[in-house]
Each structure stands twice: as C-alpha cells, then as structure tokens.
Amino acid sequence: LSHVEIQSSGPGNLMNCFVMATSNYGMVTNCLFQYCYIHDCYEWMALCGMSQSIIDHCYFRNAGSFGGTSNHGAGITWGGAGFNMTFRYNTFENMIGDGTTSENTAYIESQTSYCSGYYVYGNVFKHTDARDYTTTGTVYTDSDCPQTYVFNNTAYGLRGANVGVFLHNTGSNEGVVSNNI
C-alpha cells in the first residue's frame, strides 16, 4: 500500500482507519506500507496476524480516545504472534487522551502473547494538540517480545503518565533501547 490517504471522522469516534485481520488460513506476511497519510482515527492501524512487514515513511496524525477507562486508544496495534515487524522513518503526531492515567494510549503497541524481531527506528513522535496524553508510551509491548530494538527515534512535546518506551520482556530475552531523544 503506497501513497494513500486514509481518514475517519476524527479521534474519539471509535472508528479504526485501517484494519488487516487474518482468517484461519494463517498470517499475512511481506506487506509494505509506504508514504501513506493516515489521520483522525480512533486507531490508525489494527494489524492482526501480520508478520515480516514494514511500515515506512508514513505520516500518522490524531488518534486516540477521550473515554477514560472505558476506551482504549492506540496508534498502531497488532495481535496474534507477530514476527519481524519494522516501523521506520514515520511521523506520529498526537495520541489523543482525556488525561486519565488508566486510559491506555500508545503510539505503537504489540497486543500479542508473543512476538519477536520488533524493530522501531528513525521515527518522530510529537505532540501539537492540547489533548495529547500518552499513558503507555511511544512503544509498548504487552508481553514477551525478545529481539525488540528501539533506537534512533525522536520524541518531543509529549505529555502523560508514560511518554517513554515500555518493553514487557521477562527472563533473559534481549531488548535494546538506545539513542532515542
């Protein structure tokens, strides 16, 4: 998918802009999302059962929710076992929240029971809207994600309970977070 604009009617409306879900036939692999503009959504992308894919040079603007504990807003999520997912050279602007610390808002979030080979680099995370409020960080993993690499990203102007990187790794699984500003 390249050079496409996808829009909903605005954050807080509980509408996803892009959903890729698999069936019983297995995972979706080897996808490339490049130079897309995805904006004004509850969730920019919900990717279920996707692996070995790249999201590159896209602009994501205004996602999230204002519903407190009853709503979950996230930028890009994926469920099912995800392997070798790369997020590089994208701009993420405004993760909307109402300021409740129990509301879950993250820019990039793994919602899978296991993932491996998760690369996030060269991205910009920024805030330009007074409603921006991040509770689970710029990058968040929900469970064990060995071989997770988050490096050379820039975040500025973000506010909330957690505006950093949160890796839920346990045991000796490696996760590297470096050179982020």
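For the structure itself, look to the data block above.
Summarised in this report is the structure supplied together with it.

Parameters and conventions
- Residues numbered from 1 in each chain as written.
- Predicted model: local features only at pLDDT ≥ 70, side-chain atom pairs only at ≥ 80, totals over all residues.
- Heavy atoms only, no water.
- Pairing = 2+ DSSP bridges.
- Helix = DSSP H or I, 4+ residues; strand = E, 2+ residues; numbered from the N terminus.
- Axes fitted to C-alpha atoms, helices over the stretch in contact; angles between N-to-C directions.
- Salt bridge = Lys/Arg side-chain N within 4 Å of Asp/Glu carboxyl O.
- Buried < 20%, exposed > 50% of the residue type's maximum accessible area, 1.4 Å probe, protein only.
- Contact = heavy atoms within 4.5 Å.
- Polar contact = N/O pair within 3.5 Å; in protein donor to acceptor, adjacent residues only side chain to side chain.

**Focus on the sheet that holds strand β5 (residues 37–41)**
1) Next: A sheet is described by the order of its strands in space; here 6 strands give the open sequence β1-β5-β9-β12-β15-β18, paired in parallel fashion. Edge positions in the open sheet fall to β1 (5–7) and β18 (154–156), since each of these has one partner strand only. Adjacent strand axes in the sheet meet at a mean angle of 15°, parallel and antiparallel pairs treated alike.
2) Next: Note: strand β15 (residues 124–126) against β18, 3 bridges, orientation parallel. Following the sheet pairing, K126 is matched in β18 by Y156.

**Considering the pattern of salt bridges**
1) Next: A complete count under the given rule lists 2 salt bridges for this structure.
2) Next: Between R88 and D56 there is a salt bridge whose closest N-O contact spans 3.0 Å. On the criterion of sequence distance, the pair formed by R88 in strand β11 (residues 82–88) and D56 in strand β8 (residues 53–56) is long-range, its members being 32 residues apart.
3) Next: With relative accessibility at 2%, the residue D56 sits in the buried group.

**Let's talk about the environment of Q7**
1) Next: Topologically, Q7 is positioned in strand β1.
2) Next: By relative accessible area, which is 51% here, Q7 ends up exposed.
3) Next: Separated by 54 residues in the primary sequence, Q7 and R61 place their C-alpha atoms 9.7 Å from one another.
4) Next: For Q7, the residues in contact, after removing those within four places along its chain, are C17, H39 and D40.

**Overview of the environment of D40**
1) Next: Inspection of the secondary structure assignment puts D40 in strand β5.
2) Next: The class of D40 is buried, set by a relative accessible area of 17%.
3) Next: When the C-alpha positions of D40 and N16 are compared, they lie 9.2 Å apart, and in sequence the two are 24 residues distant.
4) Next: Among the polar contacts made by the side chain of D40, one reaches the side chain of N62 at a distance of 3.1 Å.

**Let's talk about the side chain of N123**
1) Next: Position of N123 relative to the elements: it lies in the loop between β14 (115–121) and β15.
2) Next: With relative accessibility at 1%, the residue N123 sits in the buried group.
3) Next: Looking at N123, its side chain comes within polar contact range of the main-chain oxygen of Y121, at 3.2 Å.
4) Next: Once residues within four sequence positions are removed from consideration, N123 is found in contact with F87, R88, Y89, N90, F92, N152, N153 and T154.

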